[in-house]
Amino acid sequence: FGVAFVWRVWTAAKTGAMGFLESVYRAITSNNKVYVSVIFVGAIVGERIVHSGTNTLWEMNNKGKLYKHLEGTVIGGASADDE
């Protein structure tokens, strides 16, 4: 993202909310390199957000049932033969 992109976004901030959004849209779509970069970065960031959200929900719904929660207590813990 070059100086021209930052300048276009900065000047749009003076024109209000709708002008700002329009300016950001024009700054992103004015150059194919920037447009493709925004798509790739958005896809990667979106994937990480979805992954972390679903992982958190899975952990919350299965608390005490997963291997990592049982390791050392039920699985791999001391047995009656060890005494």
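Not measured: the values here are computed from a predicted model. (Residues numbered from 1 in each chain as written. Predicted model: local features only at pLDDT ≥ 70, side-chain atom pairs only at ≥ 80, totals over all residues. Heavy atoms only, no water.)

### A closer look at the overall build of the chain
- For the chain, the helix and strand inventory stands at 4 helices and 0 strands.
- For the chain, the α and β elements follow one another from N to C terminus as α-α-α-α.
- Relative to its 83 residues, the chain shows a buried fraction of 11%.
- When the accessible surface of the chain is summed, it comes to about 7,000 Å², and 65% of that surface belongs to carbon and sulfur atoms. (Helix = DSSP H or I, 4+ residues; strand = E, 2+ residues; numbered from the N terminus. Buried < 20%, exposed > 50% of the residue type's maximum accessible area, 1.4 Å probe, protein only. Areas by Shrake-Rupley, 256 points an atom, 1.4 Å probe, with all protein chains shown as cover.)

### Let's talk about a nonpolar patch on the surface
- The grouping of Tyr35, Val36, Ile39 and Phe40 at the surface amounts to a nonpolar patch, some 390 Å² of accessible area in total.
- For Tyr35, a relative accessible area of 41% corresponds to the partly exposed category. (Patch = residues over 30% accessible without salt bridge, like charges linked within 9 Å, V, L, I, M, F, W, Y side chains within 5 Å. Salt bridge = Lys/Arg side-chain N within 4 Å of Asp/Glu carboxyl O.)

### Some words on helix α3 (residues 32-61)
- Its 30 residues give α3 an end-to-end C-alpha distance of 43 Å, which sits within 8% of 44 Å, the value for a rise of 1.5 Å per residue.
- Looking at where α3 begins, the residue whose side-chain oxygen comes 3.2 Å from the main-chain nitrogen of Lys33 is Asn31. (Expected span 1.5 Å × (residues − 1). Polar contact = N/O pair within 3.5 Å; in protein donor to acceptor, adjacent residues only side chain to side chain.)

### Some details on the environment of Ala4
- Tracing the backbone through its elements, the reader meets Ala4 in helix α1 (residues 3-12).
- Taking the C-alpha atoms as reference points, Ala4 and Ala27, 23 residues apart in sequence, are found 8.5 Å from one another.

### Overview of the confidence of the model for the chain
- For the chain, mean pLDDT is 78; residues scoring 70 or higher make up 67% of the total.
- Within the chain, α1 has the poorest average pLDDT of any element, 68, and α3 the best, 93. (pLDDT = per-residue confidence, 0-100.)

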